[in-house]
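Structural features, examined
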Amino acid sequence: MISMHQEKKVPILPEGAFNLSLMNAIQAYMIVVCPEGRVVGWNSYCEGETGYTLEQIKGKYFWDVLIEKDKREFFSKIFTEENLSQISEQFESCWILKDGGKKYIKWATSFVQGSDGNIQYIVGTGIDITDKVEFQESLQRSETKFRSLVSSMEDLVFTYNADGIFSGVFGKWCETNKVPVSNLYGKRINDLNLTEEQKGIQQKAFRKALNGEKVVYQWELAIRSSKGISCFETVLSPIILSDGSINEIVGVTRDITLMKNKETRLNNLLNENEAILSSTADGILVIDNQNIITYANDRAIHMISELDDTFIGGTLHQVINGICVSEDDFKTREFPDNTIIEKTCFLKNGRKVYLELVKNSMKEEDRSNGFVISMRDVTFKKKAEEIQKRYYEAVSTGIIVQNEKGKIIFSNQNACEILGYPLDHIQTAHLYTKDWDAIDENGMRVKPMDFPYYIAFSTGRPVRKANLGVYNQKKGQYRWLLMDSIPLYRDDDPNQPIECVITTFSDITEQRDFNLRMVKAEKLAVIGQLAASVAHEIRNPLTSINGFLTLLRPRLNTREHAYLDIVFEELERINLVTNEFLTLSKPQDGRKEILSLFDDILKPVAITMSPLANLNNVTILWGNEAKSQVRGVKNQLKQLFINLIKNSIEAMLKGGEIRIGFTETAGSIVVAIADNGSGIPPERMKHIGEPFYSLKEKGTGLGITICQKIVREHDGDMTIKSQLGEGTTVEISLPK
């Protein structure tokens, strides 16, 4: 910008005229200009705040650098010889900083005269008032926004000063109701066109607000445009300053005439029907759109008065205090009418009662006027159901009830424990749910149409004593259930459709296993007796044959000796079989003693079986060394593990590994013998352990049977797990 002043030589600020050190020590703006407005000097505070150094600004008109463009002409005209006297001793201006920012500064000016009496310098000292100016601008914007907001409101918004005079009137209410603003602005309450009663209401509310209270009150006013009495609700809120004083009160007034008229019509309607409503056995509550209870019949009063002394005019939530329903239960638009909700309540004396609540909306000209709640005390019914449920829970069997679609609609706790599922899971299950992994007595999968429920439902006849194996997820095994399914007809009439099927069942897994063991034991006893008699009958002629063949050996030639060797081998095999028969038929002799499972049993067995293992290219590997001791007969336990290791070796035709591991518990030790042989097919697993059943070409089928007998005589347990193509694991559990 080109200055309007002629270029003159800038005077130099003499040291004697002004102390530069003193200027720099002042923490405020301090600038010295010549009468033409050129900068002669300023302090370091100015440099730090503006970003300009003295060298950058010295000799320049200060407004060309520091003043906004639209204000520069003003300062240019002031700094002339004829206008210098117009410079105020105090004024405010805005400086533009080097980075583009702004600083608002309040200045105090003084003139320094030369010896000739003329003004030589003008000194300005300023303080930063930026925060104050920005706050005032923000306050102005807020006030403008507030006025714009309240001016668009349909309600009447006004302010009282501390003397009770209307100091502000806003909103469209005056315009809508054709009431001039002058009728209110600047007037006191007593100046208003109100009855004495209404003035008293206004003055009482004003005094409360002036004491710091928020006041809500209703009042009436006759307005010509409405041709009648209008009802209003006003909220007064005092504006409390930081020192606790109140100099203004804000009021908001809303026209509630329509709501009052609706309440009146509703009350008239209720009065007309009160006789009918009072005669019903159900409690009736009428609730408006604000969730306020506006009516209750005698039965409802009797029922709720035991919960709350006064409730008309309160909200449903306040009355029942959240015990029955939450405040939004019946306000929600999506909540359907004619839906029963059961809630539990506690009376003041602590007694528990049950209520059934039903909502029905009230509409007038397609507009909602609230809703009606009918309440029925079903305490007796619920208690009867609870007693019935306790009866069901007391029954040791499982009980489930399924509807016509197969969905379970009831289940007792015993059913949950037997089936291995929580109650919430069972009561959402269905006949066709994949969770029902069931098998029949032959191990075949049970199809949905073969379930006892389906048969009972489709035939209409009860199904008795059906056996199913159902997989129990919690126990990780199939559990055998004895089931009865009985169809229940609607109204107990066989000519009516079947309403549901009730199935009772009990877990017979242990009983079934015991029965199987008893049958097996009886079978073994019979086989043992037969084996003993057969063995004795065989061994006597076998001894004679063996003796005479021995006498004949010297008389035979070399070729006949080879034939004789074959005969002796077969005789030895017959002798082996008879010995196994005798082992199976009678208890083994021997006294039980404390033995080291590893040192006394397994280690000697491994040494004995090593040659056979090496011959078949089988490696015996050991896990952790067991330190535990067991009580048993040494020779029998050795025979047990010899039989098992021998079976594992013979199962690995191409060689492999046998791993022997140990697991100890508090009362027992488990020995696991695992091979990686061919495994046992699933259809043959169920026959393992049966006498004379063998997977080997020359097996007798008595090895595993004898092993089971030895384990049983030592109060132990033996389990066999096999995976076809991967191998077999035999676990022997013996008590310590």
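Assigned secondary structure in the protein chain consists of 21 helices and 28 strands. Considering the protein chain as a whole, with its 736 residues, one finds that 38% of them fall into the buried category.

It is worth spelling out the packing of aromatic side chains at this point. Within the structure shown, the criterion is met by 21 aromatic pairs. For the pair Trp-42 and Trp-95, a centre-to-centre distance of 6.2 Å together with 45 degrees between the ring planes defines the contact as tilted. Pair noted here: Trp-42 is in strand S2 (residues 39-42) and Trp-95 is in strand S3 (residues 90-96), with a separation of 53 residues, a long-range link. Accessibility classification places Trp-42 together with Trp-95 in one group, the buried group. Feature note: the residues Tyr-61, Phe-62, Trp-63, Phe-74, Phe-75 and Phe-79 constitute an aromatic cluster, connected by ring pairs. Against the face of Trp-480 rests Arg-512, its NZ or CZ located 3.9 Å from the ring centre.

Buried within helix H15 (residues 452-459) are the following residues: Pro-452, Tyr-453 and Ala-456. In an axial view of H15, the angular spread of the buried residues amounts to 105 degrees, which keeps them on one side of the axis. The inward-facing, buried residues of H15 abut strand S16 (398-403), strand S19 (463-472), strand S20 (477-489) and strand S21 (498-507). Of the residues flanking the end of H15, it is Gly-460, one or two places downstream, whose phi is positive at about 75 degrees.

Right, let's talk about the pattern of salt bridges for a bit. Overall, the coordinates contain 14 salt bridges when judged by the stated rule. Between Asp-155 and Arg-254 there is a salt bridge; the shortest N-O distance is 3.0 Å. Note that Asp-155 is positioned in the loop between helix H6 (130-151) and strand S6 (156-161) and Arg-254 in strand S10 (residues 246-255), a separation of 99 residues in sequence. One continuous salt-bridge network, built from bridges that share partners, spans Glu-49, Lys-103 and Asp-128.

Of note, Arg-38 is situated in the loop between strand S1 (29-33) and S2. Reaching out from Arg-38, the side chain makes a polar contact with the side chain of Tyr-61 at a distance of 3.1 Å.

In this section: the confidence of the model for the protein chain. Mean pLDDT for the protein chain: 78, with 79% of residues reaching 70 or above. This stretch, residues 1-10, has a pLDDT under 50; its non-local contacts, to residues over four places away or in other chains, come to 21 contacts. Segment residues 321-333 is flagged for pLDDT under 50; beyond a separation of four residues in sequence, or across chains, it makes 32 contacts in the model.

The subject of this paragraph is the packing of helix H19 (residues 634-651) against helix H21 (residues 703-713). Relative orientation of the contacting elements H19 and H21 amounts to 145 degrees, with a least axis distance of 9 Å. Crossing hand, H19 versus H21: left-handed. From H19, Gln-636, Gln-639, Leu-640, Asn-643, Leu-644 and Asn-647 reach across to H21, where they touch Gly-703, Ile-704, Ile-706, Cys-707, Ile-710, Val-711 and Glu-713. Here the contact of H19 with H21 is built from residues that sort into seven nonpolar, five polar and one charged.

This next bit is on empty space enclosed by the protein. Counting across every chain of the model gives two cavities of 30 Å³ or more. Estimates place the volume of the second largest cavity at around 30 Å³. Where the lining of the second largest cavity is concerned, the elements lending two or more residues are strand S24 (629-632) and strand S28 (727-735). For the lining of the second largest cavity, the class distribution of residues is four nonpolar, one polar and one charged.

With that out of the way, let us pick up the sheet that holds strand S13 (residues 340-346). As summarised here, the arrangement of the five strands in space is S12-S11-S15-S14-S13, forming an open sheet in which the pairing is antiparallel. Each having just a single partner strand, strand S12 (293-296) and S13 make up the two edges of the open sheet. For this sheet, the mean angle separating the axes of adjacent strands, direction not counted, is 30 degrees. With seven bridges connecting them, S13 and strand S14 (residues 352-364) associate as antiparallel partners. By the bridge assignment, Phe-346 is partnered in S14 with Lys-352.

Packing of helix H18 (residues 597-615) against H19 brings their axes to within 9 Å, and their N-to-C directions diverge by 40 degrees. One way to sum up the angle between H18 and H19 is to call them oblique. The two elements H18 and H19 cross, and the hand of that crossing is right-handed. Across the interface between the two elements, Leu-597, Asp-600, Ile-601, Leu-602, Pro-604, Val-605, Met-609, Leu-612 and Ala-613 of H18 pack against Lys-634, Leu-637, Lys-638, Phe-641, Ile-642, Ile-645, Lys-646 and Ile-649 of H19. Partitioning the contact of H18 with H19 into residue classes produces 13 nonpolar, no polar and four charged.

A cluster of like negative charges, contributed by Glu-404, Asp-491, Asp-492 and Glu-499, occupies part of the molecular surface. Its location among the elements puts Glu-499 in strand S21. For Glu-499, a relative accessible area of 44% puts it in the partly exposed group.

Another point: the nonpolar core. If you look at the biggest cluster of nonpolar residues, it comprises 35 residues, and the most contacted ones within it are Leu-597, Leu-640, Phe-641, Leu-644, Ile-645 and Ile-732. Secondary structure elements with two or more residues in this core: H18, strand S23 (618-622), H19, strand S25 (656-664), strand S26 (668-675), H21 and S28. Leaving out residues up to four positions away in the same chain, Leu-597 has contacts with Leu-602, Ser-628, Val-630, Phe-641, Phe-662, Ile-669 and Val-671. With 24 residues, the next largest nonpolar core counts Val-39, Cys-46, Leu-54 and Leu-84 among its residues.

Before going further, it helps to spend a moment on the environment of Asp-600. Checked against the element boundaries, Asp-600 lands in helix H18. Residue classification places Asp-600 among the partly exposed residues on the basis of a relative accessible area of 26%. Each C-alpha atom, one on Asp-600 and one on Lys-638, is 8.8 Å from the other, the two residues being 38 residues apart in sequence. Here Asp-600 is in contact with Leu-595, Lys-634 and Lys-638, once residues within four sequence places are set aside. Of note is the side chain of Asp-600, whose polar atom sits 2.9 Å from the backbone nitrogen of Ser-596.

Along the polypeptide, Thr-253 turns up in strand S10. You can call Thr-253 buried: its relative accessible area is 2%. Among the polar contacts made by the side chain of Thr-253, one reaches the side chain of Thr-234 at a distance of 2.8 Å. With residues near it in sequence (within four places) discarded, Thr-253 still touches Asp-155, Leu-156, Phe-158, Trp-219, Phe-232, Glu-233 and Thr-234.

Tracing the backbone shows Ile-31 in strand S1. Looking at Ile-31, the relative accessible area reads 7%, which means it is buried. Once the C-alpha coordinates of Ile-31 and Gly-41 are considered, the two residues, 10 residues apart in sequence, prove to be 6.0 Å apart. With residues near it in sequence (within four places) discarded, Ile-31 still touches Val-39, Gly-41, Trp-42, Phe-62, Trp-95, Trp-107, Ile-122, Val-123 and Gly-124.

What counts, and where the lines are drawn
Residues numbered from 1 in each chain as written. Predicted model: local features only at pLDDT ≥ 70, side-chain atom pairs only at ≥ 80, totals over all residues. Heavy atoms only, no water. Helix = DSSP H or I, 4+ residues; strand = E, 2+ residues; numbered from the N terminus. Buried < 20%, exposed > 50% of the residue type's maximum accessible area, 1.4 Å probe, protein only. Phe/Tyr/Trp six-rings, centres within 6.5 Å; stacked < 30°, edge-to-face > 60°. Lys NZ or Arg CZ within 6 Å of the ring centre and 35° of its normal. Arc of directions from axis to C-beta. Contact = heavy atoms within 4.5 Å. Salt bridge = Lys/Arg side-chain N within 4 Å of Asp/Glu carboxyl O. Polar contact = N/O pair within 3.5 Å; in protein donor to acceptor, adjacent residues only side chain to side chain. pLDDT = per-residue confidence, 0-100. Axes fitted to C-alpha atoms, helices over the stretch in contact; angles between N-to-C directions. Left-handed = near helix turned anticlockwise from the far one by under 90°. Nonpolar A, V, L, I, M, F, W, Y, C, P; charged D, E, K, R; others polar. 1 Å grid on protein atoms, 1.4 Å probe; cavity = no way out; pocket = protein on both sides within 12 Å on 5 of 7 lines; lining within 4 Å. Points joined across faces, edges and corners; volume = space filled by probe spheres on them. Pairing = 2+ DSSP bridges. Parallel < 35°, antiparallel > 145°, perpendicular 65-115°, else oblique. Patch = residues over 30% accessible without salt bridge, like charges linked within 9 Å, V, L, I, M, F, W, Y side chains within 5 Å. Areas by Shrake-Rupley, 256 points an atom, 1.4 Å probe, with all protein chains shown as cover. Lys, Arg positive; Asp, Glu negative; His and termini not counted. Charge placed at Lys NZ, Arg CZ, Asp CG, Glu CD. Core = buried A, V, L, I, M, F, W, Y, C linked by side-chain atoms within 4.5 Å.

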